Amino acid sequence: MPTVIVPFRREHAKLRLRPLSEEARSALAAAMLADVLAAADAVGRATILALEANQGEAVERALRRIDSGPILVVNADLPCAEPRDLLALLGARPEGGMALVEARDGTTNALALAAPHLFAPLYGAGSAQRFRARAERLGAPVVTAAIPNLVDDVDTLDDLERLEGRLGPHTLAELGAVLVR
Amino acid sequence: MNVVLLAGGLGGSRFARALTETLAPRDVTVVGNVGDDLEVSGLHVSPDLDTILYTLAGVLDEERGWGRADETWTTRETATELGAETWFQLGDRDLGLHLARTEALRRGEPLSAVTARLTRAFGVEATLLPATDDRLRTWVATPVGEFSFQEWFVRRGHRDEVDRVRFDGAEEARAAPGVLEALAAADLIAIAPSNPFLSIGPILAVAEVRAALESRTVPAVAVSPLIGGRSVRGPADRMLARLAGGTGPEQVASCYKGLIDSLVVDEADADEDAGIRTIVTRTLMSDHAARRTLVEAVLGVLV
């Protein structure tokens with residue numbers, strides 16, 4: 001069974017989606033996470049990293065227990081993610097290598113790894129390129145998978161409104177509630 | 001949002017407090033362990049319920065982790081001088097509560113009703129319920145014999161290894177009034193970072209409570225009492241090693257098989273598999289900020 005690691009930085013999530021109230025931002029962050037987890041639970045066993053600091057190190061630590069088998073690392077701000085998207089990402093992973101989904105801004109939204117050592121705490125600006133460069137140094141094949149539901153991360157209210165037709169049920173319901181308020 | 005928490009003593013009371021600090025206290029129902037209850041000099045003492053009550057009322061002695069702050073011991077000293085058995089320490093303020101409870105129980109008031117009255121009297125807004133009003137007592141089998149819980153825990157300083165835990169009266173025990181109703185109305189069921197065998201075990205030994213968890217329609221989560229494979233306090237790690245075969249998330253989760261959907265573990269234990277959906281955060285409730293972070297991590301993920 002694949003392991004699905006979902007980093008969730010609540011404080012970070014709350015900074016997004018201005019100008020909504022803090023309460024609304026929290027609720028939307030939790031709803032997006034719920035949609036990601038619904039997809040994650042359908043394809044593997046989820047581990048949510050609810051830590052504010054050192055997210056990359058926390059992922060590394062969580063990967064230590066995994067001896068074998070594919071690993072997904074999926075961000076919590078991908079409310080369109082469906083089980084088939086995660087399966088597509090797993091399927092895109094080359095033998096012994098990794099598949100990654102790059103966001104429009106060059107950061108990394110999701111990773112499928114053949115083995116834990118392919119991960120390194122490289123999150124942040126330009127991370128997709130750095131993940132690719134690192135894998136190449138290790139001699140591991142890399143595929144950049146442009147799976148639309150995993151490319152579309154959410155930073156703003158505009159993002160949510162733009163994606164409305166594809167949002168997962170938790171996010172859609174919460175967005176409705178927020179817009180009514 | 002309604003949360004029902006199954007809780008033992010100190011770990012349970014700290015998590016109960018964390019919930020009431022983060023949510024509206026009225027939305028929190030704590031179902032407390034009564035397997036530790038005992039009679040001391042004819043008085044009915046409910047150590048876990050009292051620790052939760054004192055904690056929520058803000059009068060717990062935080063240093064000791066039991067009894068009341070600013071306690072005096074005149075009664076106990078006098079009783080000791082007069083030859084009474086006083087190994088189970090009851091301070092003067094604490095004794096006042098046991099007098100009030102024992103008197104009410106003798107009048108025929110159920111433990112749940114007395115507890116509700118005492119909770120109100122302390123100005124606590126959360127609901128505190130005993131798991132059962134019936135007599136349920138924890139017995140601990142060790143290589144040197146079987147002891148009642150407090151005899152083993154307090155008098156013998158929990159030094160004997162535990163081979164088996166038994167809950168006397170569990171077969172006949174019914175859930176206390178309000179417990180099943182609270183579970184049915186819950187949006188989230190939580191199991192506190194308490195000892196799975198000694199604190200949560202007696203609650204789950206009440207068949208109606210276990211059945212309610214088994215047939216739940218809302219998420220249920222347990223918070224592991226371990227940090228880095230060690231219990232923060234008490235013998236949970238030793239018992240997990242001996243009775244469950246290890247001191248990792250997997251062994252904690254095995255105590256709640258079929259009863260929880262997720263296990264919250266400390267970041268120090270994140271490198272071990274729990275065999276169930278895991279939420280990794282910091283679980284040490286050292287201060288207000290830490291308690292809030294833990295509760296927000298749990299609620300943010302689950303609700």
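This is a predicted model, so every value here is computed, not measured.

Visitor: Account for the overall build of chain B, with residues named and values stated.
Guide: Tallying secondary structure elements over chain B gives 12 helices and 14 strands in all. A compact globule built from 303 residues would reach a C-alpha radius of gyration of about 19 Å, and chain B, at 18 Å, matches this within 12%. Projected onto its principal axes, the C-alpha coordinates of chain B cover approximately 55 × 45 × 40 Å. Taking all 303 residues of chain B together, the buried fraction comes to 50%. Sequence-distant contacts in chain B: of pairs separated by 6 or more residues, those separated by 24 or more amount to 64%.

Visitor: Before we move on, could you go through the pairing of strand β1 (residues 3–7) of chain A and cite the residues and values that matter?
Guide: Of all five residues in β1 of chain A, five are buried; the element is thus mostly enclosed. With burial as the criterion, each face of β1 of chain A is covered, one bearing Thr-3, Ile-5 and Pro-7 of chain A and the other bearing Val-4 and Val-6 of chain A.

Visitor: I'd like a rundown of the nonpolar core, residues and numbers included.
Guide: By size, the foremost hydrophobic cluster in this structure holds 142 residues, and its most contacted members are Val-6, Val-36, Leu-49, Leu-72 and Val-74 of chain A together with Leu-5 and Ala-16 of chain B. The element that contributes the greatest number of residues to this core is helix α2 (residues 22–43) of chain A, accounting for 13 residues. If sequence neighbours within four positions are ignored, Val-36 of chain A has contacts with Val-6, Val-74, Ala-76, Leu-78 and Ala-81 of chain A.

Visitor: A description of helix α3 (residues 55–63) of chain A should follow, citing residues and the corresponding values.
Guide: For α3 of chain A, the set of buried residues is Ala-58, Val-59, Ala-62 and Leu-63 of chain A. Angular distribution of buried residues about the axis of α3 of chain A spans 135 degrees; they occupy a single face of the element. Buried residues belonging to α3 of chain A abut β1, β2 (45–49) and β3 (71–74) of chain A together with β14 (277–281) of chain B.

Visitor: Tell me about the pairing of strand β4 (residues 98–102) of chain A, and please be specific about residues and values.
Guide: All names here are of chain A. The buried fraction of β4 is high, at five of five residues. Of the strand pairs in this sheet, β4 and strand β5 (residues 108–113) are connected by five bridges, and their pairing is antiparallel. Bridging across to β5, Met-98 finds its partner in Leu-113. Hairpin connection of β4 to β5: five residues between the antiparallel strands, including Gly-106 at a positive phi of 90 degrees. Where β4 meets strand β6 (residues 142–144), three bridges bridge the pair, whose relative direction is parallel. Across the sheet, the residue bridging to Met-98 is Val-142, located in β6.

Visitor: Describe the sheet that holds strand β6 (residues 137–142) of chain B, listing the residues and the values that go with them.
Guide: Residue and element names in this part refer to chain B. The strand order across the open sheet built from three strands is β7-β6-β8, with neighbouring strands paired in antiparallel fashion. Where the open sheet ends on each side, the last strands, each with one partner, are β7 (145–148) and β8 (164–168). Averaged over all pairs of adjacent strands, the angle between strand axes in this sheet comes to 25 degrees, irrespective of strand direction. Examined bridge by bridge, β6 and β8 share five bridges and lie antiparallel to one another. What sits directly across from Val-140, in β8, is Val-165.

Visitor: Tell me what's going on with the packing of helix α1 (residues 10–22) of chain B against helix α12 (residues 288–302) of chain B, and back it up with residues and numbers.
Guide: Residues and elements named next belong to chain B. Running from N to C, α1 and α12 cross one another at 80 degrees; their axes reach a closest spacing of 9 Å. The angle between α1 and α12 places the two elements in the roughly perpendicular class. Contacts between α1 and α12 involve Arg-14, Arg-17, Ala-18, Leu-19, Glu-21 and Thr-22 from the first element and His-288, Arg-291, Arg-292, Leu-294, Val-295 and Glu-296 from the second.

Visitor: Got a sec to walk through the interface of chain A and chain B? Specific residues and values, please.
Guide: Between chain A and chain B, the contact holds 18 residues from the first and 15 residues from the second. Elements represented by at least two residues in the side of chain A that touches chain B include exactly α2, β2 and α3 of chain A.

Visitor: With reference to specific residues and values, describe the confidence of the model for chain B.
Guide: Should pLDDT be low for a region, the predicted coordinates there are not to be read in detail. Considering every residue of chain B, the mean pLDDT works out to 95; 100% of them sit at 70 or more. Confidence estimates for the predicted assembly give a pTM of 0.92 and an ipTM of 0.88.

Visitor: Go over the environment of Glu-60 of chain A, please, and point to the residues and values.
Guide: Residues and elements named next belong to chain A. Of note, Glu-60 is situated in helix α3. Taking the C-alpha atoms as reference points, Glu-60 and Ala-120, 60 residues apart in sequence, are found 6.9 Å from one another. Beyond its immediate sequence surroundings of up to four residues, Glu-60 is in contact with Phe-119 and Pro-121.

Visitor: Give me the lowdown on unusual backbone geometry, citing residues and values where you can.
Guide: Residue and element names in this part refer to chain B. For Ser-41, which is not glycine, the phi torsion reads 50 degrees and is therefore positive. Of note, Ser-41 is situated in the loop between β3 (38–40) and β4 (43–45). Its 16 C-beta neighbours within 10 Å are what place Ser-41 among the partly exposed residues. Unusually for a residue other than glycine, Asp-70 sits at a positive phi of about 50 degrees. C-beta crowding within 10 Å serves as the criterion here: with 8 such atoms nearby, Asp-70 is assigned to the exposed category.

Scoring rules and cut-offs
Starting afresh in each chain, residues are numbered from 1 along the sequence in its written order. As they are written, the chains are lettered A onward and the ligands numbered 1 onward, keeping that order. Local features in this predicted model are restricted to residues of pLDDT 70 or higher, and side-chain atom pairs are both shown and tallied only at a pLDDT of 80 or more, whereas totals for entire chains, interfaces and linings draw on every residue. Strands are runs of DSSP state E lasting at least 2 residues, helices are runs of H or I lasting at least 4, and numbering of each runs from the N terminus. We take the radius of gyration over the C-alpha atoms and set the globule estimate at 2.2 Å times the residue count to the 0.38 power. Neighbour counting defines burial: a residue surrounded by 20 or more other C-beta atoms within 10 Å of its own C-beta is buried, one with 12 or fewer is exposed, and intermediate counts give partly exposed, using backbone-placed C-beta atoms. Whether two residues are in contact depends on their C-beta atoms, placed from the backbone: they are in contact if these lie within 7 Å. Defined on buried residues, the nonpolar core groups Ala, Val, Leu, Ile, Met, Phe, Trp, Tyr and Cys residues joined through C-beta atoms within 7 Å. Within this analysis, the arc is defined by the directions that extend from the helix axis to the C-beta atoms. Note: two strands are recorded as paired if DSSP finds a minimum of 2 bridges between them. Note on geometry: axes are C-alpha line fits, over the in-contact stretch for helices, and angles between N-to-C directions span 0 to 180 degrees. The cut-offs work like this: below 35 degrees is roughly parallel, past 145 is roughly antiparallel, 65 to 115 is roughly perpendicular, and the gaps in between are oblique. Known as pLDDT, the predictor's confidence for each residue is given on a scale from 0 to 100.

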